[in-house]
Amino acid sequence: MLNDPFGRKIDYLRLSVTDRCDFRCFYCLPKSHRGFETPDDWLTPAETERLVAQFAALGVRHVRLTGGEPLVRKELTEIASRIATVPGIEELSLSTNASRLDRFAEPLSQAGVTRLNISLDSLDEGKFKQITGSRLQPVLAGIEAASATGLSPIKINMVVMRGLNDDEVEKMVEYCLAHNLTLRFIETMPVGEGGQAATERYIPLTEIEARLRRRYKLQTAAMQGSGPARYFQVDDTGLVIGFITPQSQHFCETCNRVRVSVSGDLHLCLGQEDKLALRPLLRQGASDEVLQQAIRAAIARKPERHHFNETPTAIIRPMSALGG
Ligand code: SAM
Ligand code: SF4
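Anyway, here's the lowdown on the structure attached to this text. (Residues numbered from 1 in each chain as written. Chains lettered and ligands numbered in written order. Predicted model: local features only at pLDDT ≥ 70, side-chain atom pairs only at ≥ 80, totals over all residues. Heavy atoms only, no water.)

Turning our attention to empty space enclosed by the protein. Taken as a whole and judged by the stated rule, the model has one cavity of 30 Å³ or more. For the largest cavity, the calculated volume is near 50 Å³. In terms of lining residues, the largest cavity is bounded by Leu15, Ser16, Val17, Leu43, Thr48, Arg73, Ile79, Ser261 and Val262. Here the residues of the lining of the largest cavity sort into five nonpolar, three polar and one charged. (1 Å grid on protein atoms, 1.4 Å probe; cavity = no way out; pocket = protein on both sides within 12 Å on 5 of 7 lines; lining within 4 Å. Points joined across faces, edges and corners; volume = space filled by probe spheres on them. Nonpolar A, V, L, I, M, F, W, Y, C, P; charged D, E, K, R; others polar.)

Taken together, Cys21, Phe23, Cys25, Cys28, Leu29, Gly68 and Asn97 are the residues near ligand 2. Split into classes, the residues belonging to the shell around ligand 2 amount to five nonpolar, two polar and no charged. (Near = heavy atom within 4 Å.)

Note: α-helices contain 3.6 residues per turn, so residues at a spacing of three or four share the same orientation. Along helix H4 (residues 125–132), the residues that are buried comprise Lys127, Phe128, Ile131 and Thr132. Projected onto a plane normal to the axis of H4, the buried residues spread over an arc of 115 degrees and lie on a single side. For H4, the N-terminal capping position is held by Asp124, with its side-chain oxygen 3.1 Å away from the main-chain nitrogen of Gly126. (Buried < 20%, exposed > 50% of the residue type's maximum accessible area, 1.4 Å probe, protein only. Helix = DSSP H or I, 4+ residues; strand = E, 2+ residues; numbered from the N terminus. Arc of directions from axis to C-beta. Polar contact = N/O pair within 3.5 Å; in protein donor to acceptor, adjacent residues only side chain to side chain.)

When its volume is computed, the second largest pocket comes out at roughly 240 Å³. Here the residues of the lining of the second largest pocket are counted per class, giving five nonpolar, six polar and six charged.

Here the focus is the pairing of strand E1 (residues 12–16). The buried count for E1 comes to five of five residues, which makes it a mostly enclosed element. Here E1 shows no split at all, with Tyr12, Arg14 and Ser16 on one side and Leu13 and Leu15 on the other all buried. Relative to strand E2 (residues 62–66), E1 runs parallel, the two sharing five bridges. By the bridge assignment, Leu13 is partnered in E2 with Val63. At this point the chain moves from E1, through helix H1 (residues 45–57), to the parallel E2, and the crossover so formed is right-handed. Direction of pairing for E1 relative to strand E10 (residues 257–260): parallel, over a ladder of four bridges. Note on E10: the bridge partner recorded for Leu13 is Val258. (Pairing = 2+ DSSP bridges. Right-handed = clockwise from strand over helix to strand, strands pointing away.)

Read these as layout, nothing more, since geometry by itself doesn't imply function.
If you want it as structure tokens, here you go:
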């Protein structure tokens, strides 16, 4: 088992399969960003499988594929099917912007992906373009394709920003209700230049929750793989909404995860810089025992919590480097 010094059990790995993206969400990957990882440094599908096997041997049970945009990585389906067959891995999920999901939902489901998180910040074509630099229609088609494959639950993630899309919160509730989707609202985080620029649009989600309570009855609900979100059932419908509040109510005491970048850096906290480079070990032929020992030693250094409120300009890597 992987336990950190604060008594937290680490059983969840977020694996970035690329730091590239076909979108440029301003709060994540600004157009000005330079310094992408070079392809020679990307972990290959075989290296990724070997690394995941080490985490699984140490007690990791859930892997999430993320990015950048995972669907721009050509080998994504191969990576997914390799991970799905690693002994000990019980759950393989994917975070995506859905722009290419109409083509890939079915093969990814066949490869063993069981759950999806999809980013959707606006249902207005113009605003969507303003936020992401891209088009809304392929995303809506991707969501429909994912629903048609039977992948469930599909969770929609909406980063709520003042004066930009906060007027669409109720519209998003109605959209998710009509399409049988789970909806999660997320606070902006000051990660990277984009995240720090978005701070001026920050809204504490307690404000959105209070607004929704005036219109809907919200009853506390349980959700599989709930992670840091607080969930509520809306009226007597099947719709569940969640609030992810890294800034206003941080949830670090229940953190169960670590992250690996596309080039094999093990990051111990999204809001801190502590990391360990695993690629050199993999490429120098380290044994399973050496790799597992290195991972254990790194987890023993996992920070207690992020300091987004105290030092909001500390993290300069963009969110797209680690996938949230
Ligand atoms: N491209 C995929 C997607 O958009 O779902 C996966 C990677 S993306 C970095 C993962 C999540 O991080 C998305 O839901 C996105 O909205 C969120 N995110 C990115 N930058 C953020 C920021 N500065 N604050 C809060 N959430 C952010
Ligand atoms: Fe790309 Fe996802 Fe970041 Fe948007 S949030 S730029 S879709 S990685």
